[in-house]
Amino acid sequence: MKIKNLLLATTIFLISSFAILDINIEKLVQLFNNYFSLHKTFKIYLHTDGEKYRVNENIWFAAYLLNADNTPDSLNENIYVELINDDAKILYVKLLKLNNGLANGDFFLPDSLNTGYYQLRSYVNFMKNYSYRFFFTKTIYIENYKLPEPTYTDSQKNKKHEDFNVEFFPEMQNFIDNTNTKVAVKITSLHEAKNISICIKDDKNNIVVNYLPENKISSFYFKPEIEKKYKASVTYNGDSKKMDFAEDIKKYGFAISCNTTNSDNLEITITKNLFENNDQNLRKIYLLAQQNNTIKYKTIIDTDNETLKIPKNIFTNGIAILTFFNHKQEYIGQRLVFIKNNIAPPIETTHRIENNKLLLEIMNKDSSQITNLSIAVVPDTAKYQEDNILSYLLLTSELNEFVENANTYLEDYKQTDDLDLIMLTTDYKRYTWNNIFYNSTTPDSILFPIDKGISIGGRIKKLLLDLPSKNTTVNMTILNAYNDAFTTYSDKRGRFNFDNLYYSDSIEVMIEATTQRNRDNVLVCEDQYDTIPVIFNPAFKHTKKSNTTEDNHKDNKTQEIHGKADQTIYADQMNTAAYSNVFNLLNSRVPGLNIRGNSANIRNTMSLRPDANNQPLYLIDNIPTDASAVESLNINDIERIEILKSTSKTAIYGGRGRNGVIAIYTKKGYNVITGWTHFKRFAYYSPKEFVYNNSAEIPFSQKTLFWKPNISIANKKNVLLTINLPENNKPIKIILQGITEDGQIIYKEFMIK
């Protein structure tokens, strides 16, 4: 009887224990799903016709906006594409209207651009809720053969030969006492890998690892002992570095390793090192495997069973994240793995040549999906960067670190050790579990919504003290050929918005405001284009700029009282359609001036805000004014803007100029305008049709022979393209990139002689 009762009690205990565990793992799944139901992931890829250009050319591009699973997005309607120079200043902005996640556009490159490296950056409004690291960026090179060749500084070239960096990455991010652990090592250097050696010694000078890797990224096994201290000596191309190694060795814990080379399964091996305790919960681990923001696999691992097999066919191509938790739902660690199944594109191509024309036929092999493609035809000598749509979407867009030669890892269908080393030596950038545990999942935490149409907004302010004017009637008229009129009211913060507008190219906007007492003694301040901090630091930067245009404006200048300014911006240097007010314009044009909204910093010694006491001195036609008046000034009325930073320039203004001076000179003099404002605003860009540029000033090796950004092929259908071949009969390269409705990525490149 006692035995039966004991068996019954044991059974109840085990059932209840597993019930608690099941509830706990489901709680983790629920937290994960709740987070991503609000914090959606969007990816952008720009397929450009090239990566090296000359002025007076066009950059042609196709934009793909995709969900986490690489399916085309249907929620967003707006996508922004920017061209940024090597001073991290935004030169041009295009707003494109998305059609089921697809758009295309172009940038004309004027001959005012300097030779150098530039960046293309693209994002949608919703992405601004998160790190700008999620934006798409691509580096291109632009050559201006009409200007004197600039000089360059190479930020890396002058570094010493021995300047290399070494990082060690234990699998699962920790060392457990007396437990064999796989350790990846990553060496970062501009020089090729030659004569690499790694030697690890303990505190008694015994060699415990002596390893000769062949590449910059490699791995070895190491079995630490907690009572010992270790030093690593790394030799690279004849130079050496010494460092502490395995400084944090844990006495107890789990060592988890993952074998990815099996073609059918991920093989998880767990080695435990536990203190004496009868609590069975300590011998169990929760495992969640997710991919594309979806839980693909979940289980409770009994560590007494040392090996777990997870079938690979439950995943799609790309990175999967295995995350491990203990019985208290505390994060133990994670392991990135790359699933590499068949990545052959679901299209077939055939071609023939007739009368010096290439007839290229593209067939969609998929019986159920529409395929969307863009195609570039270029000389075979054209050089391209390491990323294409396949390597970017599946690999580099998910990781924190740059992956050298990323496209080479996906050239075949085998699971390679090299690709697994990439997974061991970098972090997943889309989220951390701290985000999931602690970030808000309420809609109020989303500051930047998904865009639907164009939005024009702003603020109505009283003339004094920067106070909001609430319940003010706001009338907006879209001029040009439209003459559309809209009416709304300002809220308690003085804010107003006109949403869901659809206009093409540039529009002229007039906004009029009338208070409840039918007065117009208020200031109307429209919202500016919300620029995001730019991170762009190419290795080569030009140090010689093109000649100033100051001489061309001497006869037109209204005389200033401070002499020559530190910097002057003239009207013909202002792209008025791209900027909604003066602060936005200054942000993109003035080195050393940092502006966020209507706040800025000159010389890093002041805060420049309309409500701050230490703002700079504002002058309009030599008359002191305030930031509100500057904000309401129409850019089209400005003749020039002068920036005074140095003490010698600002001294004439005494204490008022101690924080710098922004002097604005108008074309016809200035009066404070109340009750209304008038400005230009960029709307949806209308892309140009590709035309072959036969200019003799552009080398053949840089010419784009054919470009088509919006090819849509229905299931089991085909499309026939006719492409003019070059008269010199040189080989050409065909580059096809795209996506299917269900998220299959298409990349195909081949040569035709």
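Being a predicted model, the structure only gives us computed values, none of them experimental.

Engineer: Explain the overall build of the protein chain to me, using residue names and the numbers behind them.
Structural biologist: Counting secondary structure elements, the protein chain contains seven helices and 47 strands. For the protein chain, with 753 residues in total, the buried portion stands at 50%. Long-range pairs, those at least 24 residues apart, make up 69% of the contacts in the protein chain between residues at least 6 apart in sequence. Surface exposure of the protein chain reaches about 36,200 Å², of which carbon and sulfur atoms provide 47%.

Engineer: Give a description of the pairing of strand β42 (residues 661-666) that names residues and reports values.
Structural biologist: The buried fraction of β42 is high, at six of six residues. Alternating positions in β42 separate into two faces, V661, A663 and Y665 on one and I662, I664 and T666 on the other, with burial throughout. Where strand β39 (residues 617-620) and β42 come together, four bridges link them in parallel fashion. Across the sheet, the residue bridging to I620 is I664, located in β42. Of the strand pairs in this sheet, strand β41 (residues 638-644) and β42 are connected by six bridges, and their pairing is antiparallel. Across the sheet, residue I638 finds its bridge partner in β42, namely T666.

Engineer: Could you give me a rundown of the pairing of β39, with the residues and numbers involved?
Structural biologist: Of the two faces of β39, the one lined by L617 and L619 and the one lined by Y618 and I620 are each fully buried. Count of turn residues in the β39/strand β40 (residues 623-625) antiparallel hairpin: two residues, of which D621 carries a positive phi of about 55°.

Engineer: How would you summarise the sheet that holds strand β27 (residues 357-364) if you had to cite specific residues and measurements?
Structural biologist: Taken in spatial order, the three strands of this open sheet run β26-β27-β45, and their pairing is antiparallel. Edge positions in the open sheet fall to β26 (347-354) and β45 (718-724), since each of these has one partner strand only. With direction set aside, neighbouring strand axes in the sheet form an average angle of 20°. One ladder, built from seven bridges, connects β27 with β45; its direction is antiparallel. Across the sheet, the residue bridging to I362 is V719, located in β45.

Engineer: Would you mind going over the packing of aromatic side chains in detail, with residue names and values included?
Structural biologist: Taken as a whole and judged by the stated rule, the model has 35 aromatic pairs. Centroid distance F32 to W433: 5.9 Å. Interplanar angle 35°. Geometry classified as tilted. Placement of the pair is F32 in helix α1 (residues 2-38) and W433 in helix α4 (residues 433-438), with a sequence separation of 401 residues. Joined through ring pairs, the aromatic side chains of F32, Y35, F36, F325, Y331, Y428, Y431, W433, F437 and Y438 make up one cluster. One residue, K241, lies across the ring of F164, its end atom 5.0 Å from the ring centre. Between R681 and the ring centre of F682, over which it is positioned, the NZ or CZ distance is 5.5 Å.

Engineer: Explain the side chain of S374 to me, and be specific about the residues and the numbers.
Structural biologist: The residue S374 is located in strand β28 (residues 371-379) in this model. In contact with S374, not counting residues within four places along its chain, are H47, A62, Y64, W707, K708, P709, I735, L736 and Q737.

Engineer: Outline the confidence of the model for the protein chain, supporting the account with residue identities and numerical values.
Structural biologist: Chain-level pLDDT for the protein chain is 83 on average; 84% of the residues reach the 70-or-more range. Confidence drops under a pLDDT of 50 for residues 155-161, and excluding neighbours within four residues, the segment shows seven contacts in the predicted structure. Note on residues 604-612: pLDDT under 50 across the span, and 30 contacts to partners over four residues away in sequence or across chains.

Engineer: Before we move on, can you summarise helix α3 (residues 417-424) with the specific residues and values?
Structural biologist: Here α3 lies mainly inside the structure; six of its eight residues are buried. The set of residues buried in α3 consists of L419, D420, L421, I422, M423 and L424.

Engineer: Account for the pattern of salt bridges, naming residues and giving values.
Structural biologist: As enumerated under the stated definition, the model contains 21 salt bridges in all. D177 serves as the salt-bridge partner of K251, at 3.2 Å between the closest nitrogen and oxygen. Of the two residues, K251 sits in the loop between β18 (249-250) and β19 (253-259) while D177 sits in the loop between β11 (175-176) and β12 (181-188), which places them 74 residues apart along the sequence. According to the relative accessible area criterion, D177 is buried, its value standing at 8%. Of the charged contacts, one joins R335 and D420 as a salt bridge, the two residues approaching to 3.0 Å between their closest N and O atoms. With R335 in strand β25 (residues 331-339) and D420 in helix α3, this pair connects stretches of sequence that are 85 residues apart.

Engineer: So what about the nonpolar core? Which residues, and what values?
Structural biologist: Membership of the largest hydrophobic core comes to 107 residues, with the highest contact counts inside it found for I319, L395, I456 and I511. If you tally residues by element for this core, the top one is strand β3 (residues 58-67), at eight residues. In this structure, I456 is in contact with M476, I478, F496, N497, F498, L501, I507, V509, I511, F679 and R681, ignoring residues within four places of it in sequence.

Engineer: Before we move on, could you go through the environment of I620 and cite the residues and values that matter?
Structural biologist: Locating I620 in the fold gives a position in strand β39. Here I620 falls in the buried class, since its relative accessible area comes to 1%. As a C-alpha pair, I620 and T666 span 46 residues in sequence and 7.4 Å in three-dimensional space.

Engineer: Explain the environment of N584 to me, and be specific about the residues and the numbers.
Structural biologist: Structurally, the position occupied by N584 is in helix α5 (residues 582-589). For the pair formed by N584 and I595, sequence separation is 11 residues and the distance between their alpha carbons is 7.7 Å.

Engineer: Can you lay out the sheet that holds strand β1 (residues 42-48) for me, pointing to particular residues and giving the numbers?
Structural biologist: The strand order across the open sheet formed by three strands is β1-β3-β6, and the pairing between neighbours is antiparallel. For this open sheet the edge positions go to β1 and β6 (102-108), each flanked by a neighbour on one side alone. Going from strand to strand, the sheet's axes swing by 25° on average, the running direction of each strand aside. Pairing geometry for β3 and β6, over seven bridges, is antiparallel. Across the sheet, the residue bridging to F61 is G105, located in β6.

Engineer: Describe in detail unusual backbone geometry, supporting the description with residues and values.
Structural biologist: In this structure, N405 takes a positive phi of about 55° despite not being glycine. The residue N500 is not glycine, and still its phi comes out positive at about 55°. Within the element layout of this structure, N500 appears in strand β32 (residues 495-501).

Engineer: Tell me about the environment of N313, residues and numbers included.
Structural biologist: Following the sequence through the fold, N313 ends up in the loop between β23 (307-311) and β24 (318-325). Among the residues examined, N313 registers a relative accessible area of 67% and is labelled exposed. Measuring from C-alpha to C-alpha, the distance between N313 and N341 comes to 8.3 Å, with 28 residues separating the pair along the chain.

Engineer: Tell me about the side chain of S218, and please be specific about residues and values.
Structural biologist: Structurally, the position occupied by S218 is in strand β15 (residues 217-222). Assessed through its relative accessible area of 6%, S218 is described here as buried. At a separation of 3.4 Å, a polar atom in the side chain of S218 contacts the side chain of Y211. The contacts of S218, once residues within four sequence positions are left out, are V183, A184, V185, Y211, P213 and L421.

Procedures and definitions
- Residues numbered from 1 in each chain as written.
- Predicted model: local features only at pLDDT ≥ 70, side-chain atom pairs only at ≥ 80, totals over all residues.
- Heavy atoms only, no water.
- Helix = DSSP H or I, 4+ residues; strand = E, 2+ residues; numbered from the N terminus.
- Buried < 20%, exposed > 50% of the residue type's maximum accessible area, 1.4 Å probe, protein only.
- Contact = heavy atoms within 4.5 Å.
- Areas by Shrake-Rupley, 256 points an atom, 1.4 Å probe, with all protein chains shown as cover.
- Pairing = 2+ DSSP bridges.
- Axes fitted to C-alpha atoms, helices over the stretch in contact; angles between N-to-C directions.
- Phe/Tyr/Trp six-rings, centres within 6.5 Å; stacked < 30°, edge-to-face > 60°.
- Lys NZ or Arg CZ within 6 Å of the ring centre and 35° of its normal.
- pLDDT = per-residue confidence, 0-100.
- Salt bridge = Lys/Arg side-chain N within 4 Å of Asp/Glu carboxyl O.
- Core = buried A, V, L, I, M, F, W, Y, C linked by side-chain atoms within 4.5 Å.
- Polar contact = N/O pair within 3.5 Å; in protein donor to acceptor, adjacent residues only side chain to side chain.

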